[in-house]
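Structural overview
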Amino acid sequence: MIRPPAQRDLADHVAAVQRLRREYARLPAGAPVRLAKPTSNLFRFGRTPAAATLDVHAFSSVLAVDPDARTADVGGMTTYEDLVAATLPHGLMPLVVPQLRTITLGGAVTGLGIESSSFRNGLPHESVTEIEILTGSGDVVTARRDNEHRDLFHGFPNSYGTLGYSLRLRIELEPVKPYVHLRHLRFDSAAAAMDALARICSDGVHDGQRVDFADGVAFGRHELYLTLARFTDQAPWTSDYTGADIYYRSIPRYAGTGPGDYLTVHDYLWRWDTDWFWCSRALGVQHPVVRRIWPRSLKRSDVYRKLVALDRRTDLSRLLAHYRGRPQSEPVIQDVEVPVERGADFLDFFQSEIKMTPVWMCPLRLREKPAPGTADRDVWPLYPLEQDRLYVNFGFWGLVPVRPGQRGPLHNRLIESEVTRLGGHKSLYSDAYYTEDEFWRLYNGDAYRSLKRTYDPDGRLLDLYAKCVGNR
């Protein structure tokens, strides 16, 4: 085992676990519990009543990297930015690295994550081999696929901290090369793009070249791009999208050109973070003058999210729109998974009813296989996707003008209904509007309640519906 810089050793970790258990035991039995941590990538800005907090800063370090076994032991509150910094010097990376630097490993596992390697490596929780969890009952258990806590291991993804908190995770790593070569393919219809995506993800090859990463962007009904990328040992040049140039704007520019584009593997992993995909434009950061004076160190998704959180708390943008006579808007910030064969249907609906662009497209296929005699939904029961089926994650984040006479979150409810109709699922990191019956039908209420009875019998942690829909 090699210890990366600024890591905590195992003895420190064990001592921190014992301190956290004592701190948790001292909390009032009926008081809500929250984690005291500096970052969040959730987009639920509802009421935040006073709550007892747990200090989890001690669990934000990489404990060890084993380059021979290709594994890492990592504190649950460790950001992927720090995790990647510890693994890349060994020529390794996590099997899936979510797009934003300050997503934590524990957050990606309990709240789900995705990126362009997901069509071959699944979701982040599928590369976890064991999780040390502080449960709602105050116990600390180590859950694996094959031990007495295997039900918690498989039920932890999509539980959003309502069954417990991850303190340490052991994850698989994969080898990388120094550079990534990108090719951008243009399509004139969603149907053609989805057909090509299904074929490419099945073959893992396009035009005789291996495909290690795949994602895409829909700029409009007749302008869609798939980005296919592969590791490479050499690059004739490398682009830089951390300063004046903007990654998503480079996609049409490089589409169809012979050499494509090249990035270092580090810059490829964080290509979306500098401009929070394209959401920095809403904050003026893409304006040439603003971009020149905005420090490079502050071109980061966590900075932008803090600005949005401040706006949601103060309601400033809504008030300014009102006084300027501009129409009010409904925030539509969602990621959804739809089977690839229904992907064109979803995009057609989205362009007709929601009319927001761009839209991110990222294919995924579950890596884990069900045990003999078990059903697909038993593998990851709280977010039941079918095995051996390719899905496409569609991500869209912005504001939609309120329609005349609109009452409530019309556009968000339309999206929820359409995703359900198409056999998909919606991530729960942002606002959700399901009825309680709908919610538990979609997210396997029976399995969740069984886990809750076992690992949080006194209900010290919030219920999943109360947290994700009730915004508590």
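Being a predicted model, the structure only gives us computed values, none of them experimental.

Considering all chains together, one arrives at 28 aromatic pairs under this definition. Summarising the aromatic geometry, the rings of Trp278 and Trp397 are spaced 5.6 Å apart at their centres and angled 35° between planes, so their arrangement reads as tilted. Linking Trp278 in the loop between helix H8 (265-269) and helix H9 (288-293) with Trp397 in strand E17 (residues 391-401), this pair joins segments that are 119 residues apart in sequence. For the pair Trp278 and Trp397, one class covers both residues: buried. By way of ring pairs, the aromatic residues Phe219, Tyr225, Tyr241, Tyr247, Tyr248, Trp272, Phe277, Trp278, Trp360 and Trp397 are connected into one cluster. Between the NZ or CZ atom of Arg460 and the centre of the ring of Tyr24, over which it lies, the distance is 4.4 Å.

One pass over the structure, following the stated rule, counts 31 salt bridges. Among the salt bridges present, the one from Glu81 reaches Arg101, with a minimum N-O distance of 3.2 Å. Of this pair, Glu81 sits in helix H2 (residues 80-87) while Arg101 sits in the loop between strand E5 (92-94) and helix H3 (105-111); the two residues are 20 residues apart in sequence, bridging distant segments of the chain. Under the relative-accessibility criterion, Arg101 is labelled buried at 12%. Between Arg186 and Asp188 there is a salt bridge, and its shortest N-O distance comes to 3.6 Å. Arg186 gets classed as partly exposed once you look at its relative accessible area, which sits at 47%. Looking at Asp188, the relative accessible area reads 52%, which means it is exposed.

What follows deals with the state of the cysteines. Applying the stated criterion across every chain yields a total of 0 disulfides. Among the cysteines around Cys201, which has no disulfide bond, Cys362 carries the closest sulfur, lying 8.7 Å off. Using a relative accessible area of 6% as the deciding quantity, one classes Cys201 as buried. With relative accessibility at 0%, the residue Cys362 sits in the buried group.

With that out of the way, let us pick up the pairing of strand E12 (residues 213-220). Across the 8 residues of E12, 8 count as buried, placing the element largely inside the fold. Of the pairings in the sheet, the one linking E12 to strand E13 (residues 223-232) comprises 7 bridges and is antiparallel in character. Paired with Ala218 across the two strands is Leu224, which belongs to E13. Between E12 and the antiparallel strand that follows it, E13, lie 2 residues. Here E12 runs beside strand E16 (residues 359-364); their pairing, made up of 3 bridges, is antiparallel. Residue pairing for E16: Ala218 is matched across the bridge by Val359.

Time to look at the side chain of Thr162. Mapped onto the fold, Thr162 is located in the loop between helix H5 (150-155) and strand E8 (164-175). Look at Thr162 and you get buried, because its relative accessible area is 0%. Engagement of the side chain of Thr162 in a polar contact is seen with the side chain of Tyr448, the distance being 2.8 Å. In contact with Thr162, not counting residues within four places along its chain, are Tyr448, Lys452, Asp456, Leu461, Leu462, Asp463, Leu464 and Lys467.

With antiparallel pairing, 8 strands are arranged side by side in an open sheet as E14-E9-E13-E12-E16-E17-E15-E18. Of all the strands in the sheet, the pair left with one neighbour each is strand E14 (261-264) and strand E18 (425-426). Set on the sheet, helix H6 (residues 190-203) makes contact with strand E9 (179-187), E13, E16 and E17; between it and E13 the angle comes to about 20°.

Time to look at the nonpolar core. Membership of the largest hydrophobic core comes to 91 residues, with the highest contact counts inside it found for Trp272, Trp278 and Phe439. In contact with Trp272, other than residues within four places in its own chain, are Gln99, Glu115, Asp215, Val217, Tyr247, Tyr248, Ile251, Phe277, Trp278 and Trp360. With 37 residues, the next largest nonpolar core counts Met194, Leu226, Val336 and Val400 among its residues.

A word on helix H15 (residues 445-455). Every buried residue of H15 is listed here: Gly445, Ala447, Tyr448, Leu451, Lys452 and Tyr455. The buried residues of H15 occupy an angular sector of 160° when the element is viewed end-on, so they sit on one face. In H15, the exposed residues that point more than 90 degrees away from the buried face are Asp446 and Arg453.

With that out of the way, let us pick up the packing of helix H12 (residues 343-353) against helix H13 (residues 410-421). For the pair H12 and H13, the least separation of the axes is 11 Å and the interaxial angle reads 165°. If you check the angle between H12 and H13, you find them roughly antiparallel. Both H12 and H13 take part in a crossing whose hand is right-handed. Here H12 contributes Asp345, Phe346, Phe349, Phe350 and Glu353 to the contact with H13, which in turn contributes His411, Leu414, Ile415, Glu418 and Val419. Split by residue class, the contact of H12 with H13 holds 6 nonpolar, 1 polar and 3 charged.

Quick notes on the rules
Residues numbered from 1 in each chain as written. Predicted model: local features only at pLDDT ≥ 70, side-chain atom pairs only at ≥ 80, totals over all residues. Heavy atoms only, no water. Phe/Tyr/Trp six-rings, centres within 6.5 Å; stacked < 30°, edge-to-face > 60°. Helix = DSSP H or I, 4+ residues; strand = E, 2+ residues; numbered from the N terminus. Buried < 20%, exposed > 50% of the residue type's maximum accessible area, 1.4 Å probe, protein only. Lys NZ or Arg CZ within 6 Å of the ring centre and 35° of its normal. Salt bridge = Lys/Arg side-chain N within 4 Å of Asp/Glu carboxyl O. Disulfide = S-S within 2.5 Å. Pairing = 2+ DSSP bridges. Polar contact = N/O pair within 3.5 Å; in protein donor to acceptor, adjacent residues only side chain to side chain. Contact = heavy atoms within 4.5 Å. Axes fitted to C-alpha atoms, helices over the stretch in contact; angles between N-to-C directions. Core = buried A, V, L, I, M, F, W, Y, C linked by side-chain atoms within 4.5 Å. Arc of directions from axis to C-beta. Parallel < 35°, antiparallel > 145°, perpendicular 65-115°, else oblique. Left-handed = near helix turned anticlockwise from the far one by under 90°. Nonpolar A, V, L, I, M, F, W, Y, C, P; charged D, E, K, R; others polar.

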